[in-house]
Amino acid sequence: MLSIVTRRVSQALLLLLVMSLIGFVGIHSVGNPVFNVVNVETATVEDIRNATIALGLDQPLWRQYFLFMENVVTGDFGTSYVYHLPAFKLLLSKLPATLELAVIAMALAAPGGVLLGLWAGRHQGGAADRAILRGSVLALSIPSFWLSMMLILAGALLTGWFPSGGRGATLSVAGQEWSVLTGDGLRHVFLPALALALPNVALIARLARAGTIEVERQDFIRFCRAKGLSSRRILFRHTLPNISIPLVTIIGMQFGGMLAFAVVVETIFAWPGIGKLLIDSIQLLDRPVVMATLTFISVAFIALNAVVDLLYAVLDPRVRLST
Amino acid sequence: MSIAFIETLRSRMPRGSFPFSKALLGTYILIAFAAPIIAPQNPYDLLQIRGWEASAAPGTLGGDGYIYWLGTDGLGRDIVSTILYGLRISLLVSIISTAVAAVVGVTAGVVAAYFGGWVDALVMRIVDLQLSLPTILVALIAIVTLGPGIDRIILAIIVVQWATYARVTRAVALSEIGKSYLDAVRLLRLPKRRILLRHVMPNSIAPALTLIPIELGHAIALEATLSFLGLGVPIDKPSLGSTVAAGFQYLMTGQYWISLFPGLALLGLIAAINFVGEDTRSKLDPRSKSL
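Bear in mind that the values here come from a model prediction, so they are computed numbers and not experimental data. (Residues numbered from 1 in each chain as written. Chains lettered and ligands numbered in written order. Predicted model: local features only at pLDDT ≥ 70, side-chain atom pairs only at ≥ 80, totals over all residues. Heavy atoms only, no water.)

K.L.:
Explanation requested: the pattern of salt bridges in the structure shown.
P.N.:
Side-chain pairing between opposite charges can occur once the charged atoms of the two side chains come close. Applying the stated rule across the entire model yields eleven salt bridges over all chains. Here D151(B) makes a salt bridge to R152(B), at a shortest N to O gap of 3.8 Å. A relative accessible area of 48% means that D151(B) is categorised as partly exposed. Bridged by salt links that share partners, the residues R122(A), E216(A) and R225(A) form one connected network. (Salt bridge = Lys/Arg side-chain N within 4 Å of Asp/Glu carboxyl O. Buried < 20%, exposed > 50% of the residue type's maximum accessible area, 1.4 Å probe, protein only.)

Have a look at this one:
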């Protein structure tokens, strides 16, 4: 079990290394970042040359890459061309905002999706089931940026119930600012979290429904019925644990997906997390920050998958015993 | 009598959401083809755009007696026309990229299965990594590497999507390669390319084909998202996604129609494709009926 996880993680890291090389060459060919640092209209040739040397852009590309990788291993992605702060530190300062957004979104999506899925699966073929199924296809079809904008329109501009963007008041705990600890912050987090949660509700509901239908056909459930257990107890104590593995997988993976999809939602709600940082940095050709953010999200995602793999052993005695 | 008539009509109709979504999808494609004929205005032609009629609300009467049914955007372009022309760009980008991704993915899957060894290992490791990362992240990495532009976005969507086809096709091709008719073909000493193209590929292409509608829906959504983030198609030839994006700044001042209607058009298109894809898949795969 553990060896499978280590092998998969090491393979993924190796490929990330290759991708970082491709990415490094690619981003280098897009545009010269020197022109983002110096003022193009007033800079002399001398200024541009000094800036190039200061940023290390005069070195051959392979040496830049090795220098970059050497620093990456020590958590140093270089200094942001725009903010003049270490890129990784900048990233870490934006991380709490994204994390709390994703956690709240998943806290909305997971119970909602599981309950809808159990309900639909129990009443397979009924009106509620068909409505949930159709609704899930529709929810998965809504482009997330448009959903976010419409949530702003409906929840903020027309009704005034929620603020249209920003993080609101924060409380400082453990050296980081957290929005979820203040009432104002919670009001600010609701709409973006809802935008992130909705497609995940649909995804989790579909999976829970399929699992419920499959499990409820099996003999041990029939035995539970024959024993006279209430249908609620069967659903939550016998069916739910048996469909938990695919659910944990999708919840874990979608949590990582939220870190990536936060790019869209954060941009619209002006939520100062790593997603907005990434898009801003791509547009400003802020290479160190782009590389730091993309690397961070990818590694976080791979780590999350490994954790999910390990969770199987905790949840399913069959997996634990097979090794 | 009328109830009986409706009942007959209903029993004649195919079941499920298929007819409605198929009709909707057909309408979309027709509209996209006919856009230059039926659109009241050519939004790419600066001479036809009246800047002084910018941000007009839906139903406003324009200078030449034409009613802007869905209003105008911030530059004075008629929203109806922008949707019609944007639809063309969205469909063009997604159809090209889905088609190429399917060809690349099927080829890679067949080649990996046939040759095995390190070719197989290499292709499948790349596929594994790609499919384990969220599509938006892969697309962003591709765009950052390739740079913006309409051809780059097509390339980025291909990069995102080929892996799904490759994985599915490889699995089928592997089981096909074990069958005796392929031993027979091999004994005929046909050239490898001919074996792959004429014998392995046609027999392992079916599952990849059922993926196409679903992936087409993903491609449209992905193009729209990237365009929205300002990393996709250029703003002078807007797709539905970039039209919605352009309306974002006007949303805050209450001009909701600039982003509402193109977004609805986009949602309808993706939903129609997804419903059709869902039906195709459940028809071809009896197992997924329970899903």
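K.L.:
How should the side chain of T239(A) be read in this particular structure?
P.N.:
Residue and element names in this part refer to chain A. In this fold, T239 is placed in helix α10 (residues 231-242). Side chain to side chain, T239 and E216 meet in a polar contact 2.8 Å long. Contacts of T239, omitting those with residues within four sequence positions, involve T212, V215, E216, I221 and I234. (Helix = DSSP H or I, 4+ residues; strand = E, 2+ residues; numbered from the N terminus. Polar contact = N/O pair within 3.5 Å; in protein donor to acceptor, adjacent residues only side chain to side chain. Contact = heavy atoms within 4.5 Å.)

K.L.:
Teacher, can you tell me more about the interface of chain A and chain B here?
P.N.:
How large an interface is tends to be reported as the accessible area lost when its parts come together. The interface is formed by 51 residues belonging to chain A together with 43 residues belonging to chain B. Its largest share of buried area at the contact with chain B, chain A owes to F145(A), W146(A) and M149(A), together 16% of the area lost on that side. Applying the counting criterion to the chain A and chain B interface returns three residue pairs in polar contact (both at pLDDT 80 or more). Contributions of two or more residues to the side of chain A that touches chain B are made by α1 (2-30), α6 (127-141), α7 (144-158), α8 (183-216), α11 (244-269), α12 (274-283) and α13 (287-315) of chain A. If one sorts the elements of the side of chain A that touches chain B by residue count, α1(A) sits on top with ten residues. Per-class residue counts for the side of chain A that touches chain B are 34 nonpolar, 13 polar and four charged. (Buried area = accessible area lost by both parts, 1.4 Å probe. Nonpolar A, V, L, I, M, F, W, Y, C, P; charged D, E, K, R; others polar.)

K.L.:
Where do I start with the packing of helix α9 (residues 206-228) of chain B against helix α10 (residues 240-251) of chain B in this structure?
P.N.:
Helix-helix packing is characterised by the crossing angle of the two axes and by the distance between the axes. Residue and element names in this part refer to chain B. At a minimum axis distance of 7 Å, the contact between α9 and α10 shows a crossing angle of 35°. Judged by the sense of rotation from one axis to the other, the crossing of α9 with α10 is right-handed. Facing α9, whose interface residues are A224, S227 and F228, α10 presents G241, S242 and A245. Taken together, the residues of the contact of α9 with α10 break down into three nonpolar, three polar and no charged. (Axes fitted to C-alpha atoms, helices over the stretch in contact; angles between N-to-C directions. Left-handed = near helix turned anticlockwise from the far one by under 90°.)

K.L.:
Is there a simple way to explain α7(A) in this structure?
P.N.:
Side chains three or four residues apart in an α-helix point the same way, a direct result of the helix having 3.6 residues per turn. All names here are of chain A. A rise of 1.5 Å per residue sets the reference length of α7, with its 15 residues, at 21 Å; its end C-alpha atoms lie 20 Å apart and thus fit the reference within 8%. Counting buried positions along α7 yields twelve of 15 residues, so the element is predominantly enclosed. Restricting attention to buried positions, one finds in α7 the residues S144, F145, W146, L147, S148, M149, M150, L151, I152, L153, G155 and A156. Where α7 ends, the next residue or the one after it, G160, has phi of about 75°, a positive value. (Expected span 1.5 Å × (residues − 1).)

K.L.:
Whenever I open this one, the nonpolar core confuses me. Can you help?
P.N.:
Where a protein is soluble and globular, its nonpolar side chains tend to be buried together. One finds F145(A), I268(A), L140(B) and V200(B) to be the most contacted residues of the largest nonpolar core, which totals 131 residues. Sort the elements by how many residues they give to this core and helix α3 (residues 79-115) of chain B lands first, with twelve residues. Each residue touching I268(A), except ones within four places of it in the same chain, is listed here: F145(A), S148(A), M149(A), I152(A), F228(B) and F248(B). F24(A), V72(A), F77(A) and L277(A) belong to the second-largest nonpolar core, a separate cluster that totals twelve residues. (Core = buried A, V, L, I, M, F, W, Y, C linked by side-chain atoms within 4.5 Å.)

K.L.:
Whenever I open this one, the packing of aromatic side chains confuses me. Can you help?
P.N.:
Here a ring pair, both rings aromatic, is described through the centre-centre distance and the interplanar angle of the planes. Using the criterion set out here, one finds five aromatic pairs over all chains in the structure. Where F145(A) meets F228(B), the ring centres are 4.7 Å apart and the plane angle is 20°; that geometry is what we call stacked. Note that F145(A) is positioned in helix α7 and F228(B) in helix α9, a pairing that runs across two chains. According to the relative accessible area criterion, F145(A) is buried, its value standing at 0%. (Phe/Tyr/Trp six-rings, centres within 6.5 Å; stacked < 30°, edge-to-face > 60°.)

K.L.:
I tried to follow the confidence of the model for chain A on my own but got confused; where do I start?
P.N.:
Detailed conclusions should not be drawn from predicted coordinates in areas where pLDDT is low. On average, residues of chain A score 81 in pLDDT, and 89% of them are at 70 or above. The least confident element of chain A is helix α2 (residues 34-37) of chain A, whose mean pLDDT is 62; the most confident is helix α5 (residues 87-122) of chain A, at 90. (pLDDT = per-residue confidence, 0-100.)

K.L.:
I would appreciate a short explanation of unusual backbone geometry in the present structure.
P.N.:
Peptide bonds are mostly trans, and most non-glycine residues show a negative phi. Residues other than glycine seldom take positive phi values, yet A270(A) does so here, at roughly 50°. Mapped onto the elements of the fold, A270(A) is located in the loop between α11 and α12. Residue A270(A) is classed as partly exposed on the basis of its relative accessible area of 38%. At R189(B), a position not held by glycine, the phi torsion is positive, near 60°. Tracing the sequence through the fold places R189(B) in the loop between α7 (180-187) and α8 (192-204).

K.L.:
Just checking my understanding: could you explain the packing of α8(A) against α10(A) for this structure?
P.N.:
All names here are of chain A. Taken N-terminus to C-terminus, the directions of α8 and α10 make an angle of 105°; their axes are 9 Å apart at the nearest point. Between α8 and α10, the angle is such that the two are roughly perpendicular. Here α8 contributes T212, V215 and E216 to the contact with α10, which in turn contributes I234, L235, T239 and N242. Here the contact of α8 with α10 is built from residues that sort into three nonpolar, three polar and one charged. (Parallel < 35°, antiparallel > 145°, perpendicular 65-115°, else oblique.)

K.L.:
Could you clarify how one ought to interpret helix α4 (residues 61-73) of chain A in this entry?
P.N.:
Residues and elements named next belong to chain A. With 13 residues, α4 extends 19 Å from end C-alpha to end C-alpha; this agrees with the ideal 18 Å at 1.5 Å per step. Residues of α4 that are buried: Q64, Y65, F68, M69 and V72. For α4, the angular spread of buried residues about the axis comes to 130°, placing them on one side. Exposed and facing more than 90 degrees away from the buried side of α4 are F66, L67, E70 and V73. Backbone geometry just downstream of α4 places G75 in the positive-phi region, at approximately 80°. (Arc of directions from axis to C-beta.)

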